[in-house]
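Here is how the chains run, residue by residue.
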Amino acid sequence: MDHSTDIAAKVAGHDPATENASGPEDRARFRAMTEGTQEDWSIIARDYMAFAGSLPDRVLAHLKLLDGDFGGFPVDRLQHSLQTATRAHRDGRGESYVVMALLHDIGDTLGTYNHPDVAAAIVKPFVTEEEHWICQHHGAFQGYYYFHFIGMDRDMREKYRGQPHFAACEHFCATYDQAAFDPDYASEPLEFFEPMLRRVMAKPLASMYAKQD
Ligand SMILES: [Fe+2]
Ligand SMILES: [Fe+2]
């Protein structure tokens, strides 16, 4: 049986079993936004709140897509993510840092040519500026450990030398990311990080779509 539609729907945060339960009366009536009314937008705002609340579920579902995806590495991408997060957690890092570490490669599936950008966009509302910068730039810094093996410049990170979060990003890659390919390392399972991820993603620190306290 082909479950691909159900899986895709679940990744998108929709449950086909309940999706059709709401009728047209539960939806906005406009055909163009120029026709929108307060009633329309009250309906949409209500549904948006529920949808936003299930963001951690969609992120976890997408992270699980990395399971079994080795790409030639000694561990698959999910285990690498868990190991990076576990190393950061055991080193005493705070929750938002650990969640960033857990998600730093989540963009590998859709952002094959720019995976740090995808992860950075996902964590941005929930982490510090420094943690976001680490996530966004970890690709260039991680390259120090292998770019010279594939005909690239291992010193690509030098273009960021002098920037405020250079040392923090260098430390993330040196201590957690580049070290997280050990098949014998006892990482915490995804379930260990799930409550942490839900706490960190419960409320954005900043978002153009959220009112600030
Ligand atoms: Fe990466
Ligand atoms: Fe990584």
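All figures in this text were calculated on a predicted structure; none of them were measured in a lab.

**A look at the side chain of His80**
And then number 1: Tracing the backbone shows His80 in helix H5 (residues 77–90).
And then number 2: With sequence-adjacent residues up to four places away left out, His80 is seen in contact with Val75, His104, Asp105, Asp177, Ala180 and Phe181.

**Comments concerning the coordination of the iron ion (ligand 2)**
And then number 1: Surrounding the iron ion (ligand 2) are the protein donor atoms His80 (NE2), His104 (NE2), Asp105 (OD) and Asp177 (OD), which sit 2.1 to 2.2 Å from the metal.
And then number 2: For the iron ion (ligand 2), the single-chain donor residues occur in sequence as H-x23-H-D-x71-D.
And then number 3: The iron ion (ligand 1) is placed at 3.6 Å from the iron ion (ligand 2), the two being bridged by Asp105. One end of the pair, His80, is in helix H5; the other, Asp177, is in helix H9 (residues 166–177), with 97 residues separating them in the sequence. For the pair formed by His80 and Asp177, the shared burial category is buried.

**Thoughts on the coordination of the iron ion (ligand 1)**
For a metal with four tetrahedral donors the ideal donor-metal-donor angle is 109.5 degrees, while six octahedral donors give ideal angles of 90 or 180 degrees.
And then number 1: Surrounding the iron ion (ligand 1) are the protein donor atoms Asp105 (OD), His115 (NE2) and His138 (NE2), at 2.1 to 2.2 Å.
And then number 2: Every donor residue of the iron ion (ligand 1) comes from the same chain, spaced as D-x9-H-x22-H.

**Some words on the nonpolar core**
And then number 1: With 39 residues, the main nonpolar core has Leu63, Met100, Leu102, Leu103, Phe141, Phe172 and Leu197 as its most contacted residues.
And then number 2: Counting residues per element, the ones that place at least two in this core are helix H4 (55–63), H5, helix H6 (95–103), helix H7 (115–123), helix H8 (129–142), H9 and helix H10 (190–200).
And then number 3: A per-element tally of this core places H6 first, with seven residues.
And then number 4: Residue contacts for Leu197: discarding those within four places in its chain leaves Pro56, Val59, Leu60, Val99, Leu102 and Leu103.

Cut-offs applied
- Residues numbered from 1 in each chain as written.
- Chains lettered and ligands numbered in written order.
- Predicted model: local features only at pLDDT ≥ 70, side-chain atom pairs only at ≥ 80, totals over all residues.
- Heavy atoms only, no water.
- Helix = DSSP H or I, 4+ residues; strand = E, 2+ residues; numbered from the N terminus.
- Contact = heavy atoms within 4.5 Å.
- Donors = N, O, S within 2.8 Å, 3.2 Å for Na, K, Ca; no water.
- Buried < 20%, exposed > 50% of the residue type's maximum accessible area, 1.4 Å probe, protein only.
- Core = buried A, V, L, I, M, F, W, Y, C linked by side-chain atoms within 4.5 Å.

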